[in-house]
Amino acid sequence: MSPAPPWPTDVTDPVAVRRDLHAHPEVGFTEVRTAARVLDALERLGVPVRTGAAVADVAGLAGLPPAAELTAAADRAVAQGVPAELVARFAGGATALVATLAGDRPGPAVGLRVDMDALPVAETDASDHPPRSGGYASRTAGVMHACGHDGHVAIGLALAARLADRDFPGTVRLLFQPAEEGVRGAAPMVAAGGVEGLDALLAVHLGFGLDTGALALRTTDMVSTTKRRVTFTGAAAHAAHAPERGRHALLAAAATALALHTLPAAQPAGTRVNVGRLCGGTATNVVPATAELAYETRAADPAAQTELDRRADEVVAGSAVAYGVDTATAVTGRAVSADTDDRVAEAVGGAAAGLPAFTDVRARASLRASDDASLMMQAVQAAGGVAGYLLVGSTGRGAHHAPDFDLDEAALSPAVDLLEAVLRAGRLDAAR
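Because the structure is a prediction, the values reported are computed rather than measured.

Undergrad: Can you lay out the packing of helix 2 (residues 32–44) against helix 6 (residues 149–163) for me, pointing to particular residues and giving the numbers?
TA: Closest axis-to-axis distance for the helix 2/helix 6 pair is 10 Å, and the angle between their directions is 10 degrees. Judged by the inter-axis angle, helix 2 sits roughly parallel to helix 6. Side by side, helix 2 and helix 6 meet where Val 38, Ala 41 and Leu 42 of the first sit next to Val 153, Leu 157 and Ala 160 of the second. Class assignment for the residues of the contact of helix 2 with helix 6 results in six nonpolar, no polar and no charged.

Undergrad: Report on the sheet that holds strand 14 (residues 386–392), specifying residues and quantitative values.
TA: Backbone-to-backbone hydrogen bonds pair the strands of a sheet. The strands run either parallel or antiparallel. Across the sheet, which stays open at both edges, the eight strands sit in the order 1-2-4-3-5-14-6-12 with mixed pairing between neighbours. With partners counted over all chains shown, the strands left at the sheet margins are strand 1 (49–51) and strand 12 (360–362), one partner each. If you compare each strand with its neighbour and ignore which way they point, the axes differ by 20 degrees on average. Across three bridges, the pairing between strand 6 (residues 214–216) and strand 12 is parallel. Opposite Ala 216, over in strand 12, you have Arg 362 as the bridge partner. Lying over the sheet, helix 11 (residues 373–382) contacts strand 3 (105–115), strand 4 (169–177), strand 5 (200–206) and strand 14, oriented at roughly 150 degrees with respect to strand 14.

Undergrad: Go over helix 6, please, and point to the residues and values.
TA: Here helix 6 contains 15 residues, and its C-alpha end-to-end distance of 21 Å stays within 8% of the 21 Å for a straight helix at 1.5 Å per residue. Helix 6 sits mainly inside the fold: 14 of its 15 residues count as buried.

Undergrad: Could you give me a rundown of the environment of Leu 250, with the residues and numbers involved?
TA: Here Leu 250 lies in helix 8 (residues 249–260). For the pair Leu 250 and Ala 352, spaced 102 residues apart in sequence, the C-alpha separation works out to 54 Å. Residues within four places of Leu 250 in sequence aside, it is in contact with Leu 278, Cys 279, Gly 280, Pro 288 and Ala 291.

Undergrad: Report on the pattern of salt bridges, specifying residues and quantitative values.
TA: The tally for this structure, following the rule as stated, stands at 25 salt bridges. We note a salt bridge from Asp 20 to Arg 37, for which the minimum N-O separation is 2.6 Å. Linking Asp 20 in helix 1 (residues 14–23) with Arg 37 in helix 2, this pair joins segments that are 17 residues apart in sequence. Accessibility assignment for this pair places Asp 20 and Arg 37 in one class, buried. In this structure, the salt-bridge partner of Arg 105 is Asp 104, at a minimum N-O distance of 2.7 Å. A relative accessible area of 36% places Arg 105 in the partly exposed class. Three or more residues joined by partner-sharing salt bridges are found here, namely Arg 18, Arg 19, Asp 150, Asp 406 and Glu 409.

Undergrad: Describe in detail the side chain of Arg 218, supporting the description with residues and values.
TA: For Arg 218, the location among the structural elements is in the loop between strand 6 and strand 7 (219–222). Taking the relative accessible area as the measure of exposure, Arg 218 reaches 19% and is therefore buried. Engagement of the side chain of Arg 218 in a polar contact is seen with the side chain of Asp 342, the distance being 2.4 Å. Setting aside residues no more than four positions away along its own chain, Arg 218 makes contact with Thr 340, Asp 342, Ala 345, Ala 363, Arg 364, Ala 365 and Tyr 389.

Undergrad: Give a description of unusual backbone geometry that names residues and reports values.
TA: Even without being glycine, Phe 208 reaches a positive phi, approximately 55 degrees. In this fold, Phe 208 is placed in the loop between strand 5 and strand 6.

Undergrad: Pulling in residues and values, what's your account of helix 1?
TA: Given 3.6 residues per turn, any residue in an α-helix points the same way as the ones three and four places further on. Within helix 1, seven of the ten residues are buried, which leaves the element mostly enclosed by the surrounding structure. Of all the positions in helix 1, only Pro 14, Val 17, Arg 18, Asp 20, Leu 21, His 22 and Ala 23 are classed as buried. One side-chain oxygen at the N-terminal end of helix 1 lies 3.1 Å from the backbone nitrogen of Val 15; it belongs to Asp 13.

Undergrad: How would you explain the nonpolar core if you had to name every residue and give the values?
TA: Counting 72 residues, the largest nonpolar core has Leu 42, Leu 97, Leu 157, Leu 174 and Phe 176 as its most contacted members. At nine residues, helix 6 tops the list of elements feeding residues into this core. Residues within four places of Leu 174 in sequence aside, it is in contact with Leu 97, Val 98, Ala 99, Leu 101, Leu 112, Gly 156, Leu 159 and Ala 160. Residues Ala 109, Leu 201, Leu 210 and Leu 367 belong to the second largest nonpolar core, which totals 29 residues.

Undergrad: Any details on the environment of Leu 112? Residues and values, ideally.
TA: Here Leu 112 is to be found in strand 3. In this structure the C-alpha to C-alpha distance between Leu 112 and Ala 186, which are 74 residues apart in sequence, comes to 12 Å. The residues touching Leu 112, leaving out its near neighbours within four places in the chain, are Leu 159, Arg 173, Leu 174, Leu 175, Leu 201, Leu 202, Val 204 and Leu 419.

Undergrad: Give me the pairing of strand 5: which residues, what numbers.
TA: Of all seven residues in strand 5, seven are buried, a share of seventy percent or more. Burial along strand 5 is two-sided: the residues Ala 200, Leu 202, Val 204 and Leu 206 and Leu 201, Ala 203 and His 205 are all buried. Relative to strand 5, strand 3 runs parallel, the two sharing four bridges. In the strand pairing of strand 5, Leu 112 is matched with Leu 202.

Undergrad: Just give me the short version of the packing of helix 8 against helix 9 (residues 302–323), but keep the residues and values in it.
TA: Two quantities define a packed helix pair, namely the angle between the axes and the distance from one axis to the other. Running from amino to carboxyl end, helix 8 crosses helix 9 at an angle of 145 degrees, the nearest separation of the two axes being 9 Å. Like other packed secondary-structure pairs, helix 8 and helix 9 cross with a definite hand, here right-handed. Contact residues: helix 8 offers Leu 251, Ala 252, Ala 255, Thr 256, Ala 259 and Leu 260, while helix 9 offers Ala 312, Val 315, Val 316, Ser 319 and Tyr 323. Of the residues in the contact of helix 8 with helix 9, the class split is nine nonpolar, two polar and no charged.

Undergrad: If you had to explain the environment of Leu 278 to someone new, which residues and values would you point to?
TA: With respect to the helices, strands and loops of the structure, Leu 278 is situated in strand 9 (residues 272–280). On the accessibility criterion, Leu 278 (38% relative accessible area) is partly exposed. For Leu 278 and Ala 109, which are 169 residues apart along the polypeptide, the C-alpha to C-alpha distance reads 44 Å. Non-local contacts of Leu 278, meaning those with residues more than four positions away in its chain, are made with Leu 250, Ala 253, Ala 254, Glu 292 and Leu 293.

How each quantity is defined
- Residues numbered from 1 in each chain as written.
- Predicted model: local features only at pLDDT ≥ 70, side-chain atom pairs only at ≥ 80, totals over all residues.
- Heavy atoms only, no water.
- Axes fitted to C-alpha atoms, helices over the stretch in contact; angles between N-to-C directions.
- Helix = DSSP H or I, 4+ residues; strand = E, 2+ residues; numbered from the N terminus.
- Parallel < 35°, antiparallel > 145°, perpendicular 65-115°, else oblique.
- Contact = heavy atoms within 4.5 Å.
- Nonpolar A, V, L, I, M, F, W, Y, C, P; charged D, E, K, R; others polar.
- Pairing = 2+ DSSP bridges.
- Expected span 1.5 Å × (residues − 1).
- Buried < 20%, exposed > 50% of the residue type's maximum accessible area, 1.4 Å probe, protein only.
- Salt bridge = Lys/Arg side-chain N within 4 Å of Asp/Glu carboxyl O.
- Polar contact = N/O pair within 3.5 Å; in protein donor to acceptor, adjacent residues only side chain to side chain.
- Core = buried A, V, L, I, M, F, W, Y, C linked by side-chain atoms within 4.5 Å.
- Left-handed = near helix turned anticlockwise from the far one by under 90°.

Here it is in structure tokens:
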């Protein structure tokens, strides 16, 4: 007899599932416990699930965490009681899952992106923080669900439980995506054919300035972005005796960081640059031989993004020449700008009209952020299908990505109701 899993097996209550996931957050590509929980739930529902390289080949991916971090994630999952065979299945960054539910009659093939990862943010210890007072705050130091993805997974699993009766037209493909933060997880899923054959693709996000009861049928200002890691290689030397023999990699990286932040001033409105990490050197009396810089660019349209990335490359190259160092740049993640198709907005709006929980249905709302669900949307639209990115209001405390972030759990069941109504209606056929 198999041992009982270390989580409740009933996924019909999204609040309970969300709280369990909130207490056990995992950053991108380390979502071992989360993926194991998703797989266990879907298999109990009789839903076919694919995992591994067949759904996302992450071997050699530039945005993959270091091997030591991946190993630590697997060890943590074991310590949390995840069965060893499931840990082995999802170790090494292979945490993506694709589940397919077949309805009992012909209809459209619709995909739903469900992002799973948490953030490297330490959750507040304030006593009035609901997860803290409720006993489900993060149990992993320095990591928390600060963007609502725990709620997204809870919604996806509750939806699967409802659709397990197969009383809907067509097929539903649930794409449980790792590493949305840093926009790293969607690209390998698209490359593996995860969205091929879909008539429609939906992505849902909680919050982003909308109160509980609100629903935005379209998301505007979904900006493109490129994430890059630059390694600077110089030469070490004694900082006092012979500094002229060295080539200062850390100064080259620092100069690059300052210059990169000047770029938006010469670009169209809406462009952004942020250097998020800069490290290098070994000792105060040694000219640093290596340094590493991680930065992102963002823009409102593809042309502006291309130009911003070109100029950023020039900044890196110029610093390399000025300081006599070598550089190597790796793209660790990317997303594109995307728009919701009218047919998706109409179908969702029609479904929302019959749900009293949605008291403020809006034609559109601004995201002012990036999400690599856009890559899935782009792929489906390029193949003749339709796609949409919806915002479901959640009045929770704190801003997204902040230590005191929390979502309103009252928004979870209505989100499931909405998606269920859309999928049972079968109005997203690409041939319509």
